[in-house]
Amino acid sequence: MIELLAQTGLNALYAASYTALVAVGLVLIFGVMGVINFAHGELFMLGAYAIVAVYADWNLPYLVAVAVGMTFVGIVGLGMERAFFRPLRDNPLGGLVASIGFLMILQALVSMGFGVRMEHVPPVTQDVIVITEKVRLPVFRLAVILAAVVLLASLWAFLKKTRFGWALRASAQDPEAAALQGISINQTARIAMFIGAALAGVAGALTAPLISVNPHMGHSVIVTAFIVIIVGGIGSLEGAVIVAVAYAFVHTFVTTFFDGVIADIVGLLLLLAVLIVKPTGLFGSADRA
Amino acid sequence: MTKLAALLGFGAILLALPHALSFSQQEILVFLTINVLVVASYRLLTLTGEWSLGHVVIMGVGAYASALLSKRLGIYVPAAMLLGAGTAAMVALALSFPLFRMKGFYFLIGSFAAGEIIRLLWKRFREPFGGPKGIKKIDPMPDFDIGVYVFDFFEPISYYYFALAVVGVSLWVMWRIERSPVGLTFHAVHWQDRLAEASGVNVRAYRTLAFVLASGFAGLSGALLAHYIGTINPNSFDVEQMVFVLTWTIVGGTATFYGPILGCVVLTVLNEIVLREAGFEQMRPLIYGLIMILSVLFMPKGLESLVRGALSRRNANRKMTGETEATE
Amino acid sequence: MAPPILEIDELTMRFGGLTAIDRLSFEVERGAIHGLIGPNGAGKTTTFNVVSGFYKPAGGEVRLRGETISGLRMHEVARRGVVRTFQHSTLFAELSVLENALVGTHMSFPPNIFAAMAGVDKANRRAARARAEEALDFFGLSRLADELAGDLPHGHQRALGMAVALAARPDVVLLDEPFTGMNPEETRRMMELMVKIRNTGVTILLVEHDMHAIMGLCDRITCMSFGRLLAEGNPQEIRHHPDVIEAYLGGARHVA
Ligand SMILES: Nc1ncnc2c1ncn2[C@@H]1O[C@H](COP(=O)(O)OP(=O)(O)OP(=O)(O)O)[C@@H](O)[C@H]1O
Ligand SMILES: [Mg+2]
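Basis of the calculations
Residues numbered from 1 in each chain as written. Chains lettered and ligands numbered in written order. Predicted model: local features only at pLDDT ≥ 70, side-chain atom pairs only at ≥ 80, totals over all residues. Helix = DSSP H or I, 4+ residues; strand = E, 2+ residues; numbered from the N terminus. Rg over C-alpha atoms; globule rule 2.2 N^0.38 Å. Buried ≥ 20, exposed ≤ 12 C-beta atoms within 10 Å, placed from the backbone. Contact = placed C-beta atoms within 7 Å. Near = placed C-beta within 6 Å. Nonpolar A, V, L, I, M, F, W, Y, C, P; charged D, E, K, R; others polar. Axes fitted to C-alpha atoms, helices over the stretch in contact; angles between N-to-C directions. Parallel < 35°, antiparallel > 145°, perpendicular 65-115°, else oblique. Left-handed = near helix turned anticlockwise from the far one by under 90°. Pairing = 2+ DSSP bridges. Core = buried A, V, L, I, M, F, W, Y, C linked by C-beta atoms within 7 Å. Domains from an automatic or database assignment.

1. A look at the overall build of chain C
Across its full length, chain C carries 10 helices and 10 strands. The C-alpha atoms of chain C give a radius of gyration of 19 Å, which matches the 18 Å a tight globule of 256 residues would have. Taken along the three principal axes of its C-alpha coordinates, chain C extends 60 × 40 × 40 Å. Scored against the burial criterion, the 256 residues of chain C give a buried share of 45%. Partitioning the contacts of chain C with sequence separation of at least 6, the portion at a separation of at least 24 is 67%.

Put into structure tokens, the structure is as follows:
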């Protein structure tokens, strides 16, 4: 029993790592631009397909593929900012709708380019750390967890220590005040969009070898991310990380001991409960919507 | 008088229309008729200012309820349809307690979550919902004869006439509600809920009323769909369908009664007739997505704004000519 | 003496650390025009918000004809006969002037969805319309009935706000700065109308910065500052009250 718990805990930690990357990106975009990016799950999906193309099809090294995926998805994010989030800055519902439209475009393009069937990415490494006979941690999962920690730590350092980071936080608090300080709204929006999208992309790239990649894989990702950012309080990066970890544990344990659908229902009920009791989320105070 | 003539003419066109179409186009026409009810009911929901992402799932509740009632309990299909609509309304009433503690964006997300939960329940419980495979072999409408016309529901034309009647009556009811003091109160709640409340309007009750009514009509459209296609499953009512409803509504515009209907008809004709015939089958979601983005960017007030512009220009012209006549 | 229609009793309202109303007590006589004045930020609008049910007080209570109404929701307070206007022209900007007034008749002629669908609510609709038109007429807005409320000039918007409130035939109206945005001529006419309203038996609680209007209209005035009761009396007493003069001169931007 202890061993099952330990193994499930390790699985949960892995789930927490990519969930946190996706959710933090979504929160960053919301914080700075005030719009919910419904296409965030599809950015994750694009990151995974970057691995399919660069690593599986072209046989380039995996790390190169991850870097390409991250940068490419970040650039897609820049394109989204320029194409519709910027012109729709004063129209949050419009921004939401446009991102839903973009989601469909991405799904269609990927389906046309790769076909709708599942893609299987060859494993990067098969090594497993055997902790006890029944508790095993595949090295690749450990690498994903560590990568997520490093990425989130660098983001944290970037936000706290650099001028851009300061600008991002300032404009998340109050875009107009930040603009008065000489920080261009467009510039902070671009940075936020690039980082947010790149984080979703890298999460997709990192997990691609472990999951089945298909054009519709973004759906469950965005549902999870919604739960996380709303329970955590939209606008709160710390809240997103904490809730991502907590949610991953709840979801993984319920999946292991009951089943996946029940776990999804539990997560959504959690979301509804938080919305009813404290719509601004557990860690949020901002009321921007 | 001219209005009545126009209405009769329009009715005649609707009756004659399927005879000019191919079999597959007739089928599309049935779907279009059902979807008109979906978007019109969606607009009823948005009258109080709330946008839901669960509307298609509520439609599914009507479909599941009607399918199960007729299949399991042997209830006469038209009665099952009405019961399906009632079930959808009741489910909406139950959902309104948690959901209407939220507003705006939170309501949007809350309705999405609630809808997903319902879909997962369909998926999870094979009994009675059939799990991921859903319900198959749903009873078709029983044929009947009204003297001047024999309804043979094997033919899409018959189902089209039936759906047209149901949808027509539903639209007429919704139209009357909107033009009544109840409708005015919906608008009041939308534009200034504080002032409405200070005038003694129970804002929460009116939001709930709009939600429940809209859900009832959505459920009815779901039931119409279920007994036509004969098979439903959780994915028949997924987010992608919701996206279509959202697109039709936004492209059409929500300021007028006919806006969303216009959006639905124009996009469906474009989608099914033009794109499908032109062989762009695979690119349809892509083009839909593009239309969504372009229309929020460049036509934020919807297709209806074009119609309204044209109408007011015509009226202005008429007034001017009228005045010159008077002065002469 | 007749019992007061409205009693504010030890009312307290806090926003986080800020105490916007601090154990405020005063009474409003039936049929009076009662002024509530004080420098900017004194808590007048907040008092209205609590009385009308928009906020729940942190302490104390509000009684209407002896019945506690604090803590009720806004529409429940309205249904007991207390209707308010808003400081910033709050109207249904996208609806016509007549439709605005029609919403005001909501309580007297509650819509019924079944009657509406069956088309058997004609008498009700006609009565509501007559009431709305009467209210517009009273404020001289009849000829603007078909305009969009949002297109009206500011003074007319204030008047329409009052027409919406009065269409409900309340026992007590709370008017928050009804004269802002009106020129002296409009203000003078509005003052006459207010006396007329009072003479029909409606009790008026009035927040206003225009001291000329306040002094000319009110039977009794309550002055508050920093959420507390500062002074109470008739216009003469308030005008010469040292604390009132001090509050308006000392630090306050708004000098009467
Ligand atoms: N919703 C709120 N949240 C926080 N503080 C508030 C809120 N509403 C009012 N306040 C504060 O309470 C105090 C009283 O405000 P209030 O609006 O009642 O003043 P007022 O007397 O109506 O002023 P004015 O004459 O300018 O209208 C002010 O300091 C104000 O900043
Ligand atoms: Mg005020």
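2. Let's talk about the site of ligand 1
Residues and elements named next belong to chain C. Around ligand 1, the neighbouring residues are F15, L18, A20, G38, N40, G41, A42, G43, K44, T45, T46 and Q87. Where the shell around ligand 1 is concerned, the elements lending two or more residues are strand 2 (18-28) and helix 1 (44-51). Top contributing element to the shell around ligand 1 by residue count: helix 1, with 3 residues. Across the shell around ligand 1, the residue classes break down as 4 nonpolar, 7 polar and 1 charged.

3. Some words on the interface of chain B and chain C
Taken together, the 22 residues of chain B in the interface contact 28 residues of chain C. Contributions of two or more residues to the side of chain B that touches chain C are made by helix 7 (156-179), helix 8 (181-191) and helix 9 (193-198) of chain B. Take the side of chain B that touches chain C: its biggest share by element is 7 residues, from helix 8 of chain B. Looking at the side of chain B that touches chain C residue by residue, the classes come out as 12 nonpolar, 7 polar and 3 charged.

4. Quick notes on the packing of helix 3 (residues 55-73) of chain B against helix 4 (residues 77-99) of chain B
Residue and element names in this part refer to chain B. In the contact formed by helix 3 and helix 4, the axes pass within 7 Å of each other and the chain directions differ by 140°. Between helix 3 and helix 4, the angle is such that the two are oblique. Crossing handedness for the pair helix 3 and helix 4: right-handed. Touching I58, V61, G62, A63, A65, S66, L69 and S70 of helix 3 are V77, A80, M81, L83, G84, A85, T87, A88, V91 and A92, all from helix 4.

5. Observations regarding the interface of chain B and chain A
Each partner contributes residues to the interface: chain B has 32 residues there, and chain A has 33 residues. Those elements that place two or more of their residues in the side of chain B that touches chain A are helix 5 (104-124), helix 11 (239-252) and helix 13 (284-298) of chain B. Taken together, the residues that form the side of chain B that touches chain A break down as 24 nonpolar, 4 polar and 4 charged.

6. Some details on the sheet that holds strand 1 (residues 6-15) of chain C
Residues and elements named next belong to chain C. One open sheet accounts for 4 strands, arranged 2-1-4-5; its pairing is antiparallel. Strands with a single pairing partner mark the edges of an open sheet, and in this sheet they are strand 2 and strand 5 (67-68). Summarising the sheet, strand 4 (residues 59-64) and strand 5 pair through 2 bridges and their orientation is antiparallel. By the bridge assignment for strand 5, L64 is matched with E67. Sheet contacts for helix 1: strand 1, strand 2 and strand 4; angle to strand 2, the most-contacted strand, approximately 70°.

7. Re the pairing of strand 8 (residues 203-207) of chain C
All names here are of chain C. Here strand 8 lies mainly inside the structure; 5 of its 5 residues are buried. Side chains T203, L205 and V207 of strand 8 all project onto a buried face; the interleaved residues I204 and L206 project onto the opposite face, where all are buried too. Bridge count between strand 3 (residues 33-37) and strand 8: 4 bridges; the pairing is parallel. Across the sheet, residue H34 finds its bridge partner in strand 8, namely L205. One ladder, built from 5 bridges, connects strand 7 (residues 172-176) with strand 8; its direction is parallel. Each bridged residue has a counterpart across the sheet, and for D176 the counterpart in strand 8 is V207.

8. Some remarks on the nonpolar core
Within the largest apolar cluster, 284 residues are counted, with the highest numbers of intra-cluster contacts made by V22, A23 and A240 of chain A together with A163 of chain C. For this core, the leading source of residues is helix 1 (residues 2-33) of chain A, giving 17 residues. Looking at this core, you find at least three residues from each of domain 1 (23-236) and domain 2 (238-328) of chain B. Excluding residues within four positions of it along the chain, A240 of chain A makes contact with A20, A23, V24, V27, V228, I229 and G232 of chain A.

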